[in-house]
2 protein chains.
Amino acid sequence: MNTIRLTIAYDGTAYIGWQRQAQGASIQQLIEGALAQILGETVVLHSSGRTDSGVHALGMVAHFRTERNLPLAAYREGVNRLLPRDVAVQEALEAPADFHARFSARGKWYRYALYQGVVCSPLLDRTAWHLRGALDWTAMEEGARLFVGTHDFAAFRSSGCEAKGTVREIYAVDLVREGELLYINVRGSGFLRNMVRVMVGTLVEIGMGKRPAGDIGRLLEGGDRCQAGRTAPSRGLCLMEVWY
Amino acid sequence: MNTIRLTIAYDGTAYIGWQRQAQGASIQQLIEGALAQILGETVVLHSSGRTDSGVHALGMVAHFRTERNLPLAAYREGVNRLLPRDVAVQEALEAPADFHARFSARGKWYRYALYQGVVCSPLLDRTAWHLRGALDWTAMEEGARLFVGTHDFAAFRSSGCEAKGTVREIYAVDLVREGELLYINVRGSGFLRNMVRVMVGTLVEIGMGKRPAGDIGRLLEGGDRCQAGRTAPSRGLCLMEVWY
């Protein structure tokens, strides 16, 4: 039995998200379909996690197991020939038999992109959140630092999140300006559903002066989702990397 | 009579190009439609030039004339509310009565984006040309320099181009690396149909070692379209700015 590890990039705009669902086009379904054509058998792709509708990835990781012994190129070039242009396998590697894209993961890097301007920018619109008006970057950096460490993130998740444990470790939250884009890079051990988007939504409210930076500390203690900021739109979020 | 000058940005992927045509969605038709709703009268938008299907713009300029005296904000915020997310008016200004977006233009800046990699990159795919394999950047810069100046660009246009005169002045061709993207910036007095895309296609063939940099000089003297490189895909091209 071979365990194959794929690194996958996609523009999530046209999809209902990573996970296969009864209705709608998912990334998982697309790649499983292409693999079935290449392999002549159906396989199940296990990913490092889900991404929601509209969320992008440059470094999603998933694995599958197969008895077939195809060259690794078949899982990249071969599969890519069967995929639409907004999804592509970036790398295919053999992995140890006990590798599991989700359970072996040690951490993830998500990047959230913002841009400011009076008018929206059509060429950034699919991949960044457009905000009018100025942001207090210093206050946002102050708030961002409060996320770092091991905390209960119960206040920073979607109401539909069913995870039992809500304690996660955040390694770093970095704010970077690159041209007209502002990136919020979040690295951590694991993430609750919508966690990065609620963190970003709260940081943006701090940047707009709607709440003090210290709110983050109170939210990490209080755990009340209703007190945190709005969920930032999915379009700005990109899963950059998963570490093993 | 008021003359209004608009600066317009768009993601050209979904459109047949700038110009209104019998079939298909054009940028011109979209904005004229929104202006008609705002103004309560039909106006004709005159642009600095056309862009082909799939070509993008950050700084397309167009003007129209109207007897109505609306605040300029109506032509930006008002129009943008009626446009889809991939088209947006960036700026609306009053212009002198004799301003004409095409005939008053003194020059234009086009940017062409390339990216290299074994695998295509879904998040760059709409706005850049993906090339496998290495490019000889030095040879491309050598070739690029030969374009600068006043030349007959008859070899660097589409076979469908009907312009009588084919002499144009190129002010500068700069090659810039920015992250994973390679930009070819072309500034000039005016451009024939597909001229930038044929210039880029020829430069890429030089970068791939398929032809020497000196070919550009020969093509500018010879004027034979069949001898120039392939037309680079529209997706990589963006009209950045028009000067008046």
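The structure presented is a predicted model; accordingly, all values stated were derived computationally and were not measured.

(A) Looking closely at the interface of chain A and chain B. The interface is formed by 25 residues belonging to chain A together with 25 residues belonging to chain B. Between chain A and chain B, roughly 1900 Å² of surface is buried when both sides are summed, and carbon and sulfur atoms account for 62% of that area. For the chain A face of the interface with chain B, the top three residues by lost area are R85(A), P122(A) and L123(A), together amounting to 36%. Linking chain A with chain B are two salt bridges. At the surface where chain A touches chain B, the tally comes to four residue pairs in polar contact (both at pLDDT 80 or more). Among the elements of the structure, β1 (2-10), β3 (56-66), α2 (72-82) and β4 (87-95) of chain A are those that each provide at least two residues to the side of chain A that touches chain B. The element that contributes the greatest number of residues to the side of chain A that touches chain B is β4(A), accounting for four residues. Within the side of chain A that touches chain B, the residues separate by chemical class into 13 nonpolar, four polar and eight charged.

(B) Structural context of helix α5 (residues 215-222) of chain A. Residue and element names in this part refer to chain A. Regarding α5, the residues found buried are D215, I216, L219 and L220. Taken end-on, α5 shows its buried residues confined to a sector of 135°, consistent with a single buried face. Exposed side chains of α5 directed beyond 90 degrees from the buried face belong to R218, E221 and G222. Contacts made by the buried residues of α5 are with α3 (137-147), β7 (149-152) and α4 (195-207). Two residues or fewer past α5, G223 is found with a positive phi of approximately 75°.

(C) Highlighting the pattern of salt bridges. Counted by the stated rule, this structure contains 22 salt bridges over all chains. For E205(A), the salt bridge is made with R211(A), and the minimal N-O distance between the two is 3.1 Å. Summarising the burial analysis for this pair, E205(A) and R211(A) share the class buried. The salt bridge involving E32(B) is made with R20(B); its shortest N-O contact spans 2.8 Å.

(D) Representation of the UniProt feature "domain: Pseudouridine synthase I TruA alpha/beta" (unreviewed entry) in chain A in the model. Residue and element names in this part refer to chain A. When the UniProt feature table is mapped onto this chain, "domain: Pseudouridine synthase I TruA alpha/beta" (unreviewed entry) is found at residues 8-103 and 144-244. Within the segment residues 8-103, helix and strand shares are 25% and 26% respectively, and the terminal C-alpha atoms sit 18 Å apart. Here residues 144-244 runs as 25% helix and 31% strand, with 25 Å between its end C-alpha atoms.

(E) Seen up close, unusual backbone geometry. Look at N194(A): it is not a glycine, yet its phi comes out positive at around 65°. Along the chain, N194(A) turns up in the loop between β9 (181-188) and α4.

(F) Main features of the UniProt feature "active site" (unreviewed entry) in chain A. All names here are of chain A. Taking the numbering used here, the UniProt-annotated feature "active site" (unreviewed entry) corresponds to D52. Of note, D52 is situated in the loop between β2 (46-47) and β3. Beyond its immediate stretch of four places on either side in the chain, D52 contacts I16, G17, R193, N194 and R197.

Reading the values: the criteria
For every chain, the first residue of the written sequence is number 1, and numbering continues from 1 onward in sequence order. Labels are handed out in written order, letters beginning with A for the chains and numbers beginning with 1 for the ligands. In keeping with the model being predicted, local features are shown solely for residues with a pLDDT of at least 70 and side-chain atom pairs are shown and tallied solely at 80 or more, while totals for entire chains, interfaces and linings include all residues. Just so you know, side-chain values use all the structure's heavy atoms and leave hydrogens and water out. The contact definition used throughout considers only heavy atoms, calling two residues in contact when any of these lie within 4.5 Å. The term buried area refers to how much accessible surface (probe radius 1.4 Å) is lost by two components on association, counted for both of them together. Put simply, a salt bridge is a Lys or Arg side-chain nitrogen that is within 4 Å of an Asp or Glu carboxyl oxygen. We call two N or O atoms a polar contact when they sit within 3.5 Å, provided that within protein one can donate a hydrogen and the other can accept it, with sequence-adjacent residues counted only if both atoms are side-chain atoms. Helix and strand definitions follow DSSP, with helices as H or I runs of at least four residues and strands as E runs of at least two, each counted in order from the N terminus. Classification used: nonpolar for Ala, Val, Leu, Ile, Met, Phe, Trp, Tyr, Cys and Pro, charged for Asp, Glu, Lys and Arg, polar for all others including Gly. Buried means the residue's accessible area, taken with a 1.4 Å probe over protein chains only, is under 20% of the maximum for its type, while exposed means over 50%, and partly exposed covers the values in between. Taking the helix axis as origin, the arc is that swept by the directions to the C-beta atoms. UniProt positions are given in the numbering used here, feature names are shortened, and annotations may be inferred rather than shown by experiment.

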